[in-house]
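Topology and contacts: notes
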Amino acid sequence: MAAGSAPGWALGVLGVVYLFLKLDFISCSQEIYGAMNGNVTFYVSKFQPSTEIIWKKEKNKVVEWDTQSGLEAFQSFKDRVYLDIGSGNLTITRLTKSDEGLYELESPGVRNKSEFHLKVIAPPPSPSTFCSLSDDGNITLTCEIMEAGYDIDGNLLQYSWECPPTVQCHRGLSPSEAYVLKKSDLSQNVQCIVSNPLFRTSASISLSTCVPEDNTRHRFSGTS
């Protein structure tokens, strides 16, 4: 039985190897973030110098090069793209929201199907911070982006809070909220941080502004 199972084991290993090799040819898809008005480069892996290179966005040509006709950029990409014919890498400059989408390289020199999902994002504006006092004496902090016209992508925008060691902070019901316990040191500031994959901005709030001046020491002292 042992000798008879060896060929089957070998075929199984070869099948696995073949599967991995086959998958290696299928696709190499990446999600890329580019800054508004900035530049982005799509880096191609396992590229061999070729006689023809075509980059497309959603099936429309972005740039094309071959050894006979040379380089040609199309539509809004004219004067905004740089193609490295040795590596296949494509650079797009002066990015706008209209540049978002799926980019694909077509060339005999590319081993994998190289796809890039481009998302163009802008730095978030500085947030505004607010606070309110609950009946139990605890403080609710809220962080919001108030600037009109800012394109907020809920999947990319992240909120976080930074509190000094003497302030007892807890995350609220939503990421843009935080709770501060009444025993905290109200002379401190708490910072709200808003970020996306490329940018980060922040705003701080003084806890002393969240309670009446004549009641701060009584209700928010360090003892019960």
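Residues numbered from 1 in each chain as written. Predicted model: local features only at pLDDT ≥ 70, side-chain atom pairs only at ≥ 80, totals over all residues. Heavy atoms only, no water.

Within an unreviewed UniProt entry, the label attached to the protein reads Lymphocyte function-associated antigen 3, and the organism entered is Bos mutus.

Quick look at unusual backbone geometry
In terms of backbone geometry, most residues other than glycine have negative phi values and most peptide bonds are trans. At E58, a position not held by glycine, the phi torsion is positive, near 50°. Counting through the fold element by element, E58 comes out in the loop between strand 3 (52–57) and strand 4 (60–66). By relative accessible area, E58 is classed as partly exposed at 42%. A positive phi angle, close to 50°, is found at R94, a residue other than glycine. Within the secondary structure, R94 sits in the loop between strand 7 (90–92) and strand 8 (101–106). (Helix = DSSP H or I, 4+ residues; strand = E, 2+ residues; numbered from the N terminus. Buried < 20%, exposed > 50% of the residue type's maximum accessible area, 1.4 Å probe, protein only.)

A short note on the pattern of salt bridges
Going through the model one piece at a time under the given rule, you end up with seven salt bridges. Close ionic contact of E106 with K56 constitutes a salt bridge, the shortest N to O distance being 3.5 Å. Here E106 is found in strand 8, whereas its partner K56 is found in strand 3, with 50 residues between them in sequence. With its nearest N and O atoms 3.7 Å apart, the salt bridge here joins E162 to R200. Of the two residues, E162 is situated in strand 12 (residues 158–162) and R200 in strand 16 (residues 200–206); the sequence distance between them amounts to 38 residues. Each of K97, E100 and K119 takes part in salt bridges that share partners, so that together they form one network. (Salt bridge = Lys/Arg side-chain N within 4 Å of Asp/Glu carboxyl O.)

Focus: the sheet that holds strand 16
Pairing is antiparallel across the open sheet formed by three strands, whose spatial order is 12-15-16. Strands at the two margins of the open sheet, each flanked by one partner only, are strand 12 and strand 16. Going across the sheet, the axis of each strand differs from the next one's by a mean of 20°, ignoring polarity. (Pairing = 2+ DSSP bridges. Axes fitted to C-alpha atoms, helices over the stretch in contact; angles between N-to-C directions.)

As for the nonpolar core
Counting 23 residues, the largest nonpolar core has F42, W55, I92 and Y103 as its most contacted members. Looking at this core, the elements that each hand over two or more residues are strand 2 (40–42), strand 3, strand 4, strand 6 (81–83), strand 7, strand 8 and strand 9 (114–121). Once you skip the residues sitting within four places of it in the chain, I92 turns out to touch G38, N39, V40, F42, F77, R80, V81, D99 and Y103. (Core = buried A, V, L, I, M, F, W, Y, C linked by side-chain atoms within 4.5 Å. Contact = heavy atoms within 4.5 Å.)

Considerations on the confidence of the model for the protein
Looking at the protein as a whole, the pLDDT averages 82, with 79% of positions reaching at least 70. At the level of individual helices and strands, the protein shows its lowest average pLDDT in helix 2 (residues 216–219), which scores 37, and its highest in strand 7, which scores 98. Segment residues 1–26: pLDDT under 50, and eight contacts once partners within four positions in sequence are set aside and those in other chains are kept. Predicted confidence for residues 215–224 stays below pLDDT 50, and this span has 21 contacts to residues more than four positions away or in other chains. (pLDDT = per-residue confidence, 0-100.)

Some thoughts on the state of the cysteines
Following the criterion strictly, the structure yields three disulfides and no others. The disulfide partner of C131 is C210, and the S-S distance across this bridge is 2.3 Å. Its S-S torsion of approximately -110° makes the covalent link between C131 and C210 left-handed. A residue pair is termed long-range when its members are at least 10 positions apart, and C131 in strand 10 (residues 128–133) and C210 in the loop between strand 16 and helix 2 qualify at 79 residues. Since its relative accessible area comes to 27%, C131 is described here as partly exposed. (Disulfide = S-S within 2.5 Å.)

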